[in-house]
Amino acid sequence: MTVAGRPSPAIPVSIQLGAPKRYQPEDFDQFEHYQLNVGPVDEFGDLPECPPTIKNIGWTLGNDCPYRCNHCYSMNARVKGADMEDWMVDRIVEQLALVGVETVNLGGNEPLFTNGANPANTKLPYIIERLTGAGIIVGLTTSGVTLLRLYRDHRRAFDLLNDIDISFDSPFEDEHNRNRGARIFHQAIQSMEIAQKEGKPHTAIMCGMNWNFSLRHIEEIVALAKRYDAHVRINPVKPVQPEHMEVALPADMYYAGFARLLELCDPIDLGEPPLAAMTDYQAAKRCPCGRTSFRIHSITPEREIHVSPCVYLHDYKSALDLLEHDLIDIINSPQFKVFRQRNANPAAIEGCSGCELLAQCGGGCSGRSYLHHMHTAGERSMRAKDPYCPKDVLPTQSFPQRPVIRSEQRLVHMDYLCTWIGQPK
């Protein structure tokens with residue numbers, strides 16, 4: 001196929017068969033995943049898998065976004081050339097309902113821009129109405145512009161939303177605007193104000209990086225969330241591309257930051273596996289990817305829509321087009337099965353056998369483990385363990401033990417992604 005106006009090279013036989021590929025970062029092809037069947041799927045052999053109980057999923061709606069966030073994980077999975085049509089939305093919603101999906105987060109790009117940069121062409125209100133009409137809970141992740149436009153021009157769609165995640169790259173305006181490439185901090189604040197006024201559950205979400213996860217930043221994002229009666233959610237950056245390694249969190253910063261967050265907030269979701277291990281969280285289910293969650297990717301120039309078990313691992317997009325194949329067949333594909341094998345057999349992960357933290361950690365976040373290993377060892381492997389492995393890092397901070405999660409609200413990011421959600425005290 002042709003991606004971004006240039007032909008892609010033929011897929012080597014070794015990659016087609018799932019063998020690990022060794023490479024240098026300067027040779028990294030950010031569009032290679034469009035060739036499909038890139039990531040290895042046979043590393044766990046005949047080992048059993050945990051059962052799929054898909055409940056909470058994400059959907060990247062379009063291929064356009066007015067902003068250029070330096071850490072964007074979906075930029076290389078969004079190629080312009082085709083738009084969504086009503087029948088496509090109807091088909092996808094029908095398939096989600098058939099497998100029992102309960103919640104959908106609309107994000108990835110700025111979700112307003114489903115059909116190009118002109119908001120007048122958006123399919124977002126239709127998508128929200130069709131999902132909620134099927135009994136599916138809908139949430140939205142936005143920098144602000146999508147929420148403001150829905151509130152102004154599509155109030156019914158706004159009212160149908162269950163909860164809203166409002167994205168901050170920094171709680172400090174200049175830093176946020178600089179990383180977004182636009183002066184839009186005020187839009188995020190306006191969105192927080194609207195959600196607070198309308199009584200809509202909302203969360204200040206920040207991608208944790210080595211420049212915005214200091215104690216000063218953490219204390220300010222919690223204070224900001226508290227001012228607007230919001231939750232806080234943190235996604236440590238996943239290095240989808242080699243340059244993301246430059247902003248990835250060092251392990252000591254990861255643990256110091258989350259220790260402070262757990263002092264300032266009551267946990268709502270402990271979906272970060274190393275934190276579940278450090279807190280001895282008894283209800284830990286380990287990485288949700290391919291087990292309870294997956295990601296629908298935006299439409300390709302060839303008018304296909306693919307699905308992957310993990311929002312960050314584009315290498316694992318199933319070759320089956322959701323517009324032509326049943327979702328249950330995609331969930332049962334080798335690209336999904338390997339994630340469930342990893343979840344069910346954490347002792348088969350390199351360096352994890354015999355670890356007393358394995359029940360909660362399970363080898364850590366699948367996406368982070370795979371990507372860090374790929375960029376540091378030059379090898380694609382689902383048997384790599386989390387770079388924040390607490391047995392390797394030996395954190396010095398103290399963490400609350402055996403927390404009991406209490407939340408009266410259903411948020412779409414619960415048990416979707418390896419993420420952390422807290423309520424400011």
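Basis of the calculations
- Residues numbered from 1 in each chain as written.
- Predicted model: local features only at pLDDT ≥ 70, side-chain atom pairs only at ≥ 80, totals over all residues.
- Heavy atoms only, no water.
- Helix = DSSP H or I, 4+ residues; strand = E, 2+ residues; numbered from the N terminus.
- Buried < 20%, exposed > 50% of the residue type's maximum accessible area, 1.4 Å probe, protein only.
- Contact = heavy atoms within 4.5 Å.
- Areas by Shrake-Rupley, 256 points an atom, 1.4 Å probe, with all protein chains shown as cover.
- Salt bridge = Lys/Arg side-chain N within 4 Å of Asp/Glu carboxyl O.
- Pairing = 2+ DSSP bridges.
- 1 Å grid on protein atoms, 1.4 Å probe; cavity = no way out; pocket = protein on both sides within 12 Å on 5 of 7 lines; lining within 4 Å.
- Points joined across faces, edges and corners; volume = space filled by probe spheres on them.
- Nonpolar A, V, L, I, M, F, W, Y, C, P; charged D, E, K, R; others polar.
- Polar contact = N/O pair within 3.5 Å; in protein donor to acceptor, adjacent residues only side chain to side chain.
- Right-handed = clockwise from strand over helix to strand, strands pointing away.
- pLDDT = per-residue confidence, 0-100.
- Phe/Tyr/Trp six-rings, centres within 6.5 Å; stacked < 30°, edge-to-face > 60°.
- Lys NZ or Arg CZ within 6 Å of the ring centre and 35° of its normal.
- Core = buried A, V, L, I, M, F, W, Y, C linked by side-chain atoms within 4.5 Å.
- Axes fitted to C-alpha atoms, helices over the stretch in contact; angles between N-to-C directions.

**What about the overall build of the chain?**
And step 1. Within the chain, the secondary structure is distributed over 15 helices and twelve strands.
And step 2. Out of the 425 residues in the chain, the part that is buried amounts to 60%.
And step 3. Taking contacts inside the chain between residues at least 6 apart in sequence as the whole, the part at least 24 apart equals 76%.
And step 4. A total of about 16,000 Å² of accessible surface is found on the chain, and carbon and sulfur atoms cover 49% of it.

**Quick notes on the pattern of salt bridges**
And step 1. The tally for this structure, following the rule as stated, stands at 25 salt bridges.
And step 2. Asp159 serves as the salt-bridge partner of Arg155, at 3.2 Å between the closest nitrogen and oxygen. Linking Arg155 with Asp159, this pair stays in helix α5 (residues 155-160), spanning four residues, or about one helical turn.
And step 3. Judged by relative accessible area, which is 34%, Arg155 ranks as partly exposed.
And step 4. The exposure class of Asp159 is partly exposed, given its relative accessible area of 44%.
And step 5. One continuous salt-bridge network, built from bridges that share partners, spans Arg149, Arg152 and Asp153.

**A few points about the pairing of strand β12 (residues 420-424)**
And step 1. With respect to burial, β12 is a largely interior element, four of its five residues being buried.
And step 2. Here five bridges tie strand β9 (residues 265-270) to β12, and the two strands are oriented antiparallel to one another. For Cys265, the partnering residue across the bridge sits in β12 and is Pro424.

**Regarding the layout of surface pockets**
And step 1. Taken as a whole, the largest pocket encloses approximately 430 Å³ of empty space.
And step 2. In this structure, the largest pocket is lined by 25 residues; those nearest its centre are Asp269, Tyr281, Lys285, Met414 and Asp415.
And step 3. With three residues, β9 is the largest single contributor of residues to the lining of the largest pocket.
And step 4. A breakdown of the residues in the lining of the largest pocket according to their chemical character gives eleven nonpolar, five polar and nine charged.

**Considerations on the side chain of Asp415**
And step 1. Tracing the sequence through the fold places Asp415 in the loop between α15 (390-393) and β12.
And step 2. Given the relative accessible area of 18%, Asp415 is considered buried.
And step 3. Within the structure, the side chain of Asp415 is placed 3.2 Å from the side chain of Arg291, a separation counted as a polar contact.
And step 4. The residues contacting Asp415, other than those within four sequence positions of it, are Asn56, Asp269, Lys285, Pro288, Arg291, Thr292 and Ser293.

**Considering helix α6 (residues 173-180)**
And step 1. Taken residue by residue, α6 has Glu175, His176, Asn177, Asn179 and Arg180 as its buried positions.
And step 2. Against β6 (163-167), α7 (185-198) and α8 (215-227) lie the buried residues of α6.
And step 3. Gly181 sits one or two residues past α6 and shows a positive phi near 75°.

**Section: the pairing of strand β4 (residues 103-107)**
And step 1. Buried residues dominate β4, accounting for five of its five residues.
And step 2. Neither face of β4 is left uncovered, since the one carrying Thr103, Asn105 and Gly107 and the one carrying Val104 and Leu106 both have all their residues buried.
And step 3. Two elements, strand β3 (residues 56-60) and β4, share five bridges in a ladder whose sense is parallel. From the neighbouring strand, Ile57 faces β4, where its bridge partner is Val104.
And step 4. Pairing between β4 and strand β5 (residues 137-142): four bridges, direction parallel. Each bridged residue has a counterpart across the sheet, and for Asn105 the counterpart in β5 is Gly139.
And step 5. At this point the chain moves from β4, through helix α3 (residues 124-133), to the parallel β5, and the crossover so formed is right-handed.

**Comments concerning the confidence of the model for the chain**
And step 1. With 89% of its residues at a pLDDT of 70 or more, the chain has an overall mean of 89.
And step 2. Considering only residues more than four positions removed or in separate chains, one finds that residues 1-24, a stretch of pLDDT under 50, has 45 contacts.

**Here we look at the environment of His244**
And step 1. Relative to the helices and strands, His244 is located in the loop between β8 (231-236) and α9 (251-264).
And step 2. A C-alpha to C-alpha distance of 9.7 Å links His244 and His375, two positions 131 residues apart in sequence.

**Overview of the packing of aromatic side chains**
The description of two aromatic rings rests on the distance between their centres and on the angle between their planes.
And step 1. Scanning the model with the defined rule gives eleven aromatic pairs in all.
And step 2. Relative to Tyr255, the ring of Tyr254 has its centre 4.9 Å away and its plane inclined at 80°; by these criteria the two rings are edge-to-face. Each member of the pair, Tyr254 as well as Tyr255, is classed as buried.
And step 3. One aromatic cluster is present, built from ring pairs that chain together Phe213, Tyr254, Tyr255, Phe258, Tyr388, Phe399 and Trp420.
And step 4. The lysine or arginine in question, Lys200, covers the ring of Phe158, its NZ or CZ lying 5.1 Å from the ring centre.

**Some thoughts on the side chain of His176**
And step 1. Here His176 lies in helix α6.
And step 2. Taking relative accessible area as the criterion, His176 reaches 0% and is therefore assigned buried.
And step 3. Aside from chain neighbours lying at most four places away, what touches His176 is Ser167, Phe168, Asp169, Ser170, Ile184 and Phe185.

**Quick look at the nonpolar core**
And step 1. Formed by 79 residues in total, the largest nonpolar core has its most connected members in Trp59, Leu96 and Leu106.
And step 2. With nine residues, α9 is the largest single contributor of residues to this core.
And step 3. What Trp59 contacts, discounting residues up to four positions off in sequence, is Met84, Val89, Ile92, Val104, Asn105, Leu106, Gly107, Ile127, Leu131, Arg295 and Ile296.
And step 4. One finds Leu313, Cys365, Met374 and Leu417 within the second-largest nonpolar core, a separate group that totals 20 residues.

**Digging into the sheet that holds β4**
And step 1. Pairing within the open sheet is mixed, and its ten strands lie in the order β9-β12-β8-β7-β6-β5-β4-β3-β10-β11. Edge positions in the sheet fall to β9 and β11 (307-308), since each of these pairs with one other strand and no more.
And step 2. Against the sheet, α3 contacts β3, β4 and β5, and its axis sits at roughly 170° relative to β4.
And step 3. With respect to the sheet, α8 is in contact with β7 (202-208), β8, β9 and β12, its orientation differing from that of β8 by roughly 145°.

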